[in-house]
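Close look at the chain arrangement
The primary structure of each chain is shown beneath.
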Amino acid sequence: MDKIQKLESSIEVYQKKLSEHDFYNNLKSIEDIKVFMKNHVFAVWDFMSLLKCLQKRLTCVEIPWLPVDNSLTSRFINEIVLGEESDLDIDGNPRSHFEMYLDAMNEIGADTQPIVTFVYNLQKGGSIEDALKNLKIADQTKAFVLNTFKIINSNSAHKVASSFTFGREDVIPEMFLSIVKSVDPENNQYKKLRYYLERHIELDGDDHGPLALKMISELCGESDQKWEESEEVAKLSLNARFDLWSGINNEINAYALT
């Protein structure tokens, strides 16, 4: 068993725990999706910081430009940046997936005030911690973002790559799409949400997974310490995602009782 297979094997129990979360059984309606999106948009946002951190570390974004060590990894990251930061929206206009997600939230009537306030506070120079304060979102959502930036601030490319690869995969887009199609079969009400979900699934493709694993293998190399740290971060990120689901699930259950 090679090192990447060993890492994947070590986190299977964490992935299984996540896949069996009660949350998946409670996400049934557009109202549930509204609650979900109000919190999940923070994960959509901080994913971009993970991605841009990898772009900064694995490609050249400095002047003067210099060639990078691995062009395959550089291309992989740049392709994802292209799709996530400047995809074409439903009207054919360049737009980030974060902005497309916000458009979809507005379309279905999800609460965008927390994320809009958060981004505004950051634009004014506030810290991540201060920008999260007093927002009406689950505590677990705040903890999720703080965990992401703890990994980013480690300044270790292999740790960021591990969180990027193992902490972000889930079945939410396909679940969403199933719900949206069932309540809006003619695609008249939720066009932007449906488009976003379909683009998300399409761009993920079948090649991103193997390339992400190759990226980790190259970043860790023969360093046992880096492999151990990557495994630790993968488990930490999966647990953070589990806690994020728990916070959203609690909010959905509380909403159902009102």
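Residues numbered from 1 in each chain as written. Predicted model: local features only at pLDDT ≥ 70, side-chain atom pairs only at ≥ 80, totals over all residues. Heavy atoms only, no water.

For the rest of this paragraph, the subject is the overall build of the protein chain. When you go through the protein chain residue by residue, the secondary structure sums to 14 helices and 2 strands. Scaling as 2.2 N^0.38, a compact globule of 258 residues should have a C-alpha radius of gyration of about 18 Å, and the protein chain matches this with 18 Å. Considered along the principal axes of its C-alpha atoms, the protein chain spans approximately 55 × 40 × 40 Å. Burial statistics for the protein chain: of 258 residues in total, 48% are counted as buried. In the protein chain, once contacts between residues fewer than 6 apart in sequence are set aside, the share between residues at least 24 apart is 73%. For the protein chain, the computed accessible surface area is about 13400 Å², with 49% contributed by carbon and sulfur atoms. Each charge class in the protein chain was averaged separately, 28 positive and 42 negative side chains, and the resulting centres sit 4 Å apart. (Helix = DSSP H or I, 4+ residues; strand = E, 2+ residues; numbered from the N terminus. Rg over C-alpha atoms; globule rule 2.2 N^0.38 Å. Buried < 20%, exposed > 50% of the residue type's maximum accessible area, 1.4 Å probe, protein only. Contact = heavy atoms within 4.5 Å. Areas by Shrake-Rupley, 256 points an atom, 1.4 Å probe, with all protein chains shown as cover. Lys, Arg positive; Asp, Glu negative; His and termini not counted. Charge placed at Lys NZ, Arg CZ, Asp CG, Glu CD.)

With that settled, the discussion passes to the pattern of salt bridges. Evaluation of the coordinates by the stated rule reveals 13 salt bridges. Taking the shortest distance from any N to any O, the salt bridge between Glu-251 and Lys-38 comes out at 2.5 Å. Here Glu-251 is found in helix H14 (residues 224-257), whereas its partner Lys-38 is found in helix H4 (residues 30-58), with 213 residues between them in sequence. Within the structure, one salt-bridge network assembled from shared partners comprises Asp-87, Arg-199 and Glu-202. (Salt bridge = Lys/Arg side-chain N within 4 Å of Asp/Glu carboxyl O.)

Right, let's talk about the packing of aromatic side chains for a bit. Considering all chains together, one arrives at 10 aromatic pairs under this definition. Between Tyr-101 and Tyr-196, the aromatic rings sit 5.3 Å apart at their centres with planes inclined by 80°, giving edge-to-face as the arrangement. With a gap of 95 residues between them, Tyr-101 in helix H6 (residues 97-108) and Tyr-196 in helix H12 (residues 191-204) connect regions that are remote in the sequence. One aromatic cluster is present, formed by Phe-23, Tyr-24, Phe-36 and Trp-245 through successive ring pairs. The residue whose ring lies beneath Lys-17 is Phe-242, and the NZ or CZ to ring-centre distance is 4.5 Å. (Phe/Tyr/Trp six-rings, centres within 6.5 Å; stacked < 30°, edge-to-face > 60°. Lys NZ or Arg CZ within 6 Å of the ring centre and 35° of its normal.)

Right, let's get into the packing of H6 against H12. Relative to each other, H6 and H12 sit at 150°, their axes nearing to 7 Å. Judged by the twist between their axes, the crossing of H6 over H12 is left-handed. Side by side, H6 and H12 meet where His-97, Met-100, Tyr-101, Asp-103, Ala-104, Glu-107 and Ile-108 of the first sit next to Lys-191, Lys-192, Leu-193, Tyr-195, Tyr-196, His-200 and Leu-203 of the second. Its residues assigned to classes, the contact of H6 with H12 comprises 8 nonpolar, 2 polar and 4 charged. (Axes fitted to C-alpha atoms, helices over the stretch in contact; angles between N-to-C directions. Left-handed = near helix turned anticlockwise from the far one by under 90°. Nonpolar A, V, L, I, M, F, W, Y, C, P; charged D, E, K, R; others polar.)

Moving on to helix H13 (residues 208-220). Within an α-helix, residues lying three or four positions from one another point in the same direction, as the helix has 3.6 residues per turn. The terminal C-alpha atoms of H13, which comprises 13 residues, lie 18 Å apart, in line with the 18 Å expected from a rise of 1.5 Å per residue. Listed in full, the buried residues belonging to H13 are His-208, Ala-212, Leu-213, Met-215, Ile-216 and Cys-220. The buried residues of H13 occupy an angular sector of 155° when the element is viewed end-on, so they sit on one face. With its phi angle positive at about 55°, Gly-221 sits one or two positions after the end of H13. (Expected span 1.5 Å × (residues − 1). Arc of directions from axis to C-beta.)

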